[in-house]
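Architecture at a glance
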Amino acid sequence: MRNASGRGLRPNVLGTFDTVVMAIAGSAPAYSIAATTAVLVGAVGFAAPAALLYCALPMLGIVLAFGRLGRIDVNAGAAYSWVGRTLHPALGFLCGWALVVSTTLFMVAGSLPAGALTLALIDPALADDTWLATAVGAGWFLVMLLVVLGGARLSVRAQLVMSGVELLLLLLFVLGALVHGGAAAAFDWSWLGFGHFDGVSGFASGALIAAFYYWGWDVTSNLSEETRDSRRTAGLAALIGVGTVFLLFEAFTIAVNIVLTAEEITARGGANTLALLGDAVWPGVGGKLLIVAVMLSTVATLETTLIQVTRSLFAMGRDRTVPAVFGTVHRRWNTPWVAVAVVGGVTLVLFVAANALGSVGDILSGAVSAMGLQIAFYYGLAGVAAVVAYRRLLLTSVREFLLGGVWPLLGAAFMLWIFFESLAELSTASLTIGLGGLAAGLIPMTWHWRRGSSYYRPAKLDAVRALAAEAESDGPYGDVPRQHRPAADETMATDF
């Protein structure tokens, strides 16, 4: 974990509750509902709750995979480290690169709505001005950049405020929707079944869109080196976070089916179905309050996304798979300040370039489609990596076989299926950004591989040896990440 200066991220800063908050904020419940519900309902209609349910099952397999891998390798790079040590270093690097590209794209795709929503609170007409929305969104982005630079503890304190208000407003409107009653339709259990899908292709379309709702919970793994008892905490927090946002997604999607018609959602909801729902449940002030919730959610997930990309670049700089300067930490705040500064500069340039694509809605549509390929790629490979790392333990019990083998493997297969399914559906621009972004990673990978980075000669990750080493080292070093422990603990990193 140490960089050239001998300094690393500050350990034991976050507890379990802090990490759960980060997992929920990473999935951005209000933002996801507002930005994606109209697309999901347009694709599958009343089957929207079912699409979210059946996407949650394989996603939980990926959550289990991340938790199990984090148990045996505490690393801010997460999938970048795990895939590299189990499958192949080149695939591991591309996983890390995919996260860097997707999160950078999201910071543009997320900042613009944050600006538009802020303007909508003042005057709805201002929200349509792309340049003004870009300027306000850039302001929010810079604020979050400074918060992330200030360290994990400051980041969590900001999240407690933003996510706390957001969740309170969301829960208030779930109750309001139940009291309001069904203006569009009465609740029907068939909404959770397969009957409303238009065959296999309809199910595929719904699952592809639903997968984007959940992305972001894995920030807990990128924060693992700064978390107390991180071998267990990061995975547990991710599981609680995904479970929480799943319940919110289901509740609001069912509420949308009850209160609004499909025509209202697709014709009038656009990129902010929550505001439409708010006006229906609580005329006048309701839409405004839910705009506040979406704005807070968007800003909150900008922060978690910044954490993900800067911690990933820190891990890559530390391993010298990108310039080593990215592994530099601030002397006072112990944060990867070079990574923060570079990401900030690149994103601000992309803000300006994004305006050439047109309206905020056009920018969002193109960016989300491109991000989908990146997300499915690194989630899928991480799921496979977990099965490979634990392969010698899978037949020791039924529980180990199901939770450590079958479920993560099915989750990985689902994510990789989404990746290949998307190739035939996306526009040329989205494919160029998505696949081109991955391909661009081949340049730094080849350069640093040829320069002899030790990352490309990895100590293979094996759960049997890792867990045995953990059991031996519990005690004075029980809460200390592997990279901080004495050399004796390096027995867990021996080859196959």
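To be clear, the structure that these remarks concern was listed above.
So, here's what we can say about the structure.

Cut-offs and rules
- Residues numbered from 1 in each chain as written.
- Predicted model: local features only at pLDDT ≥ 70, side-chain atom pairs only at ≥ 80, totals over all residues.
- Heavy atoms only, no water.
- Helix = DSSP H or I, 4+ residues; strand = E, 2+ residues; numbered from the N terminus.
- Contact = heavy atoms within 4.5 Å.
- Areas by Shrake-Rupley, 256 points an atom, 1.4 Å probe, with all protein chains shown as cover.
- Core = buried A, V, L, I, M, F, W, Y, C linked by side-chain atoms within 4.5 Å.
- Buried < 20%, exposed > 50% of the residue type's maximum accessible area, 1.4 Å probe, protein only.
- Salt bridge = Lys/Arg side-chain N within 4 Å of Asp/Glu carboxyl O.
- 1 Å grid on protein atoms, 1.4 Å probe; cavity = no way out; pocket = protein on both sides within 12 Å on 5 of 7 lines; lining within 4 Å.
- Points joined across faces, edges and corners; volume = space filled by probe spheres on them.
- Axes fitted to C-alpha atoms, helices over the stretch in contact; angles between N-to-C directions.
- Parallel < 35°, antiparallel > 145°, perpendicular 65-115°, else oblique.
- Nonpolar A, V, L, I, M, F, W, Y, C, P; charged D, E, K, R; others polar.
- Expected span 1.5 Å × (residues − 1).
- Phe/Tyr/Trp six-rings, centres within 6.5 Å; stacked < 30°, edge-to-face > 60°.
- Lys NZ or Arg CZ within 6 Å of the ring centre and 35° of its normal.
- Patch = residues over 30% accessible without salt bridge, like charges linked within 9 Å, V, L, I, M, F, W, Y side chains within 5 Å.

**Section: the overall build of the protein**
Scanning the protein from terminus to terminus reveals 19 helices and zero strands. Sequence separation of 24 or more characterises 82% of the internal contacts of the protein that already satisfy a separation of 6 or more. When the accessible surface of the protein is split by element, carbon and sulfur atoms take 68% of a total near 18,400 Å².

**Some details on the nonpolar core**
Generally speaking, nonpolar side chains in soluble globular proteins are found buried as a group. In terms of nonpolar packing, the biggest core is built from 144 residues, with Phe-66, Phe-93, Tyr-214, Trp-217, Tyr-378 and Tyr-379 touching the most fellow members. When residues in this core are grouped by element, the largest group, 20 residues, is from helix H5 (residues 89–122). Aside from chain neighbours lying at most four places away, what touches Tyr-378 is Phe-66, Ala-79, Cys-95, Ala-98, Leu-99, Ser-102, Trp-215, Asp-218 and Gln-308. Of all hydrophobic cores here, the second largest spans eight residues; its members include Ala-177, Ile-258, Val-259 and Leu-260.

**Some details on the pattern of salt bridges**
Counted according to the given criterion, the structure contains eight salt bridges. Residue Arg-318 pairs with Glu-225 through a salt bridge whose shortest N-O separation is 3.0 Å. Placement of Arg-318 in helix H13 (residues 286–318) and of Glu-225 in the loop between helix H9 (219–222) and helix H10 (230–259) is noted, with a sequence separation of 93 residues between them. Of the two residues, Arg-318 and Glu-225, neither departs from the other in class, the shared state being buried.

**What to know about empty space enclosed by the protein**
Per the counting criterion, the structure on display carries four cavities of 30 Å³ or more. Volume-wise, the largest cavity comes out at about 70 Å³. Lining the largest cavity are 14 residues, and of these Gly-70, Trp-82, Ser-224, Ser-230 and Ala-234 lie nearest its centre. Those elements that place two or more of their residues in the lining of the largest cavity are helix H3 (48–72) and H10.

**Overview of the packing of helix H2 (residues 29–44) against H3**
Two elements in contact, H2 and H3, have axes separated by 9 Å at closest approach and are oriented at 105 degrees. The angle between the axes of H2 and H3 places the two elements in the roughly perpendicular class. Contacts from Leu-40, Val-41 and Val-44 in H2 reach Ala-48, Ala-51 and Leu-52 in H3. Partitioned by chemical class, the residues of the contact of H2 with H3 number six nonpolar, no polar and no charged.

**Examining helix H16 (residues 398–423)**
The end-to-end C-alpha separation of H16 is 36 Å, in line with the 38 Å expected for 26 residues at 1.5 Å each. The set of residues buried in H16 consists of Glu-400, Gly-404, Gly-405, Pro-408, Gly-411, Ala-412, Phe-414, Met-415, Ile-418, Phe-419 and Ser-422.

**Overview of unusual backbone geometry**
Even without a glycine there, the phi angle at Asp-229 is positive, about 50 degrees. At Asn-334, a residue that is not glycine, the phi angle is positive and equals roughly 55 degrees. On the secondary structure map, Asn-334 appears in the loop between H13 and helix H14 (337–354).

**Examining the packing of aromatic side chains**
All chains considered together, the criterion is met by 17 aromatic pairs. A ring pair is formed by Tyr-213 and Phe-249, whose centres lie 5.0 Å apart and whose planes are at 75 degrees; its orientation type is edge-to-face. Of this pair, Tyr-213 sits in helix H8 (residues 199–214) while Phe-249 sits in helix H10; the two residues are 36 residues apart in sequence, bridging distant segments of the chain. Judged by relative accessible area, which is 0%, Phe-249 ranks as buried. Three or more aromatic residues joined by ring pairs make a cluster, and in this case those are Phe-66, Trp-82, Trp-217, Tyr-378 and Tyr-379. The ring of Tyr-390 has Arg-68 sitting right over it, with the charged end atom 3.9 Å from the ring centre.

**Description of a nonpolar patch on the surface**
On the surface, Leu-395, Val-398, Phe-401 and Leu-402 cluster together into a nonpolar patch covering about 440 Å² of accessible area. Note that Val-398 resides in helix H16. A relative accessible area of 61% means that Val-398 is categorised as exposed.

**Let's talk about the environment of His-448**
When you line up the elements, His-448 lands in helix H18 (residues 442–450). With 128 residues separating them in the primary sequence, His-448 and Arg-320 have C-alpha atoms 7.0 Å apart. With residues up to four places along the chain from it excluded, the contact list for His-448 reads Arg-320, Thr-321, Val-322, Pro-323, Ser-453 and Tyr-456.

**Examining the environment of Cys-55**
If you trace the backbone, Cys-55 turns up in helix H3. The buried category is assigned to Cys-55, whose relative accessible area is 0%. Expressed as a C-alpha distance, the spacing of Cys-55 and Gly-206, which sit 151 residues apart in the sequence, is 8.7 Å. Non-local contacts of Cys-55, meaning those with residues more than four positions away in its chain, are made with Ala-207, Ala-210, Ala-211, Tyr-214 and Phe-414.

All we've got here are geometric facts, nothing functional implied.
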